[in-house]
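Results of the structural survey
Each chain, letter by letter, is given below.
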Amino acid sequence: MRDEQYVCLTCGYNMIGYHPDFCPFCGAPQERFITADECSSRFEVIATPITEEVARLNSVPPLGHEHSAYRINTGKKTIWIDCPSTFSAKIAAPDKIIFTHHHFLGAVNLYQDHAGCAVGINRADSGFELCRGFTFDNLFEHSPEIDAIKAFHIDGHTPGFTVYLFKDLLFICDYVSFRNDELKFNPFGPIEETAAGGLKLFEILRTHEISKICGFNYVSDLEKWLPPFKNLLAK
Ligand SMILES: [Zn+2]
Ligand SMILES: [Zn+2]
């Protein structure tokens, strides 16, 4: 049997080796927690293709506020950006898992135990209480290149926040989100730093050929995403 591990049904956060009264991420009460084993029996992880090499990964049925993870086949390696809340032995585990930030680490420890995948995150995001029970193999100091995936540390929403570029797809998780047709910065975290990170994001867009933005709950063509993003920066 696994070590004690619980999954919050409200947000998908995994608690490793402890059973608190309230979810450390979203504050939901303990009644909302199930064991990781129960999670694996009630939910699957489904890959939805975006391009030939890239797919979006989600728990099915949907698991609370779980953020999408993405799977990239670089030709040599399979890499996930972020990790589903559900551990599923049915989905092939990747060689590496790299994180945009520390909020949605999902069931990464179980994939690590199961398949020995190497897990990386920016060092500035590795020491938070939300990282309790998780172990990281690589702590990025700046913006490394990881098997054809380029990392850009932009700071802001979290101090280690990192976006990733693979070919013409940019992965930005929950840095900004749509409310109706407007884009908003993630309100959790320091506002000034988040806005400064928005300018860094714009610089990446300006200097690279990008066609799609892959976010925490959407994949958008750049031409649709860019006008509301420019409106956001102009505010
Ligand atoms: Zn929660
Ligand atoms: Zn976040």
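Placed above this text is the structure.
The paragraphs below set out a description of the structure included in this document. Just so it is clear, the model here is predicted, and its values are computed rather than measured.

Basis of the calculations
- Residues numbered from 1 in each chain as written.
- Chains lettered and ligands numbered in written order.
- Predicted model: local features only at pLDDT ≥ 70, side-chain atom pairs only at ≥ 80, totals over all residues.
- Core = buried A, V, L, I, M, F, W, Y, C linked by C-beta atoms within 7 Å.
- Buried ≥ 20, exposed ≤ 12 C-beta atoms within 10 Å, placed from the backbone.
- Helix = DSSP H or I, 4+ residues; strand = E, 2+ residues; numbered from the N terminus.
- Contact = placed C-beta atoms within 7 Å.
- Expected span 1.5 Å × (residues − 1).
- Arc of directions from axis to C-beta.
- Pairing = 2+ DSSP bridges.
- Axes fitted to C-alpha atoms, helices over the stretch in contact; angles between N-to-C directions.

**What to know about the nonpolar core**
Membership of the largest hydrophobic core comes to 60 residues, with the highest contact counts inside it found for Tyr70, Ile81 and Phe171. No other element matches the five residues that strand 14 (residues 169–173) contributes to this core. Non-local contacts of Phe171, meaning those with residues more than four positions away in its chain, are made with Tyr70, Ile81, Thr100, Val163, Tyr164 and Cys214.

**A closer look at helix 3 (residues 191–207)**
For helix 3, built from 17 residues, the straight-helix expectation of 24 Å at 1.5 Å per residue is met to within 8% by its first-to-last C-alpha distance of 25 Å. Those residues of helix 3 lying buried are Thr194, Gly197, Gly198 and Leu201. Mapping the buried residues of helix 3 onto a view down its axis gives an arc of 115°, with all of them on the same face. Relative to its buried face, helix 3 has exposed residues pointing more than 90 degrees away, namely Glu192, Leu199, Glu203, Arg206 and Thr207. Next to the buried residues of helix 3 lie strand 13 (162–166), strand 14, strand 16 (182–185) and helix 4 (222–234).

**A look at the pairing of strand 15 (residues 176–179)**
In the sheet, strand 15 pairs with strand 16 via four bridges, with the strands oriented antiparallel. Bridge pairing in strand 16 links Ser177 to Lys184. Between strand 15 and strand 16, which pair antiparallel one after the other, the connecting turn spans two residues, and Asn180 there sits at a positive phi close to 55°.

**As for the sheet that holds strand 14**
Read from one edge of the open sheet, six strands run 11-12-13-14-17-18, paired in mixed fashion. The open sheet has two free edges, formed respectively by strand 11 (145–146) and strand 18 (219–221), since each of these has just one partner strand. The sheet strands contacting helix 4 are strand 17 (212–215) and strand 18, and the helix crosses strand 18 at an angle near 90°.

**Observations regarding the sheet that holds strand 9 (residues 118–122)**
Pairing within the open sheet is mixed, and its seven strands lie in the order 4-5-6-7-8-9-10. Edge strands, defined here as strands with exactly one partner in the open sheet, are strand 4 (44–49) and strand 10 (138–140). Here the strands of the sheet are splayed against their neighbours by 25° on average, with no regard to which way each runs. Of the pairings in the sheet, the one linking strand 6 (residues 69–73) to strand 7 (residues 78–81) comprises four bridges and is antiparallel in character. Residue pairing in the sheet places Asn73 in a bridge with Thr78 of strand 7.

**Things to note about unusual backbone geometry**
Cis rather than trans, the peptide bond between Val60 and Pro61 has omega equal to -5°. Locating Pro61 in the fold gives a position in the loop between strand 5 (54–60) and strand 6. Phi is positive for Asp147, which is not a glycine, with a value near 45°. Along the chain, the position of Asp147 falls in the loop between strand 11 and strand 12 (149–153). Unusually for a residue other than glycine, Ala148 sits at a positive phi of about 75°. With respect to the secondary-structure elements, Ala148 resides in the loop between strand 11 and strand 12.

**Digging into the environment of Asp168**
Relative to the elements of secondary structure, Asp168 occurs in the loop between strand 13 and strand 14. With 12 C-beta atoms counted inside 10 Å, the residue Asp168 sits in the exposed group. With 54 residues separating them along the chain, Asp168 and Leu222 place their C-alpha atoms 9.9 Å apart. Once residues lying within four places of it in the same chain are set aside, the contact partners of Asp168 are Glu209, Ile210, Ser211 and Lys212.

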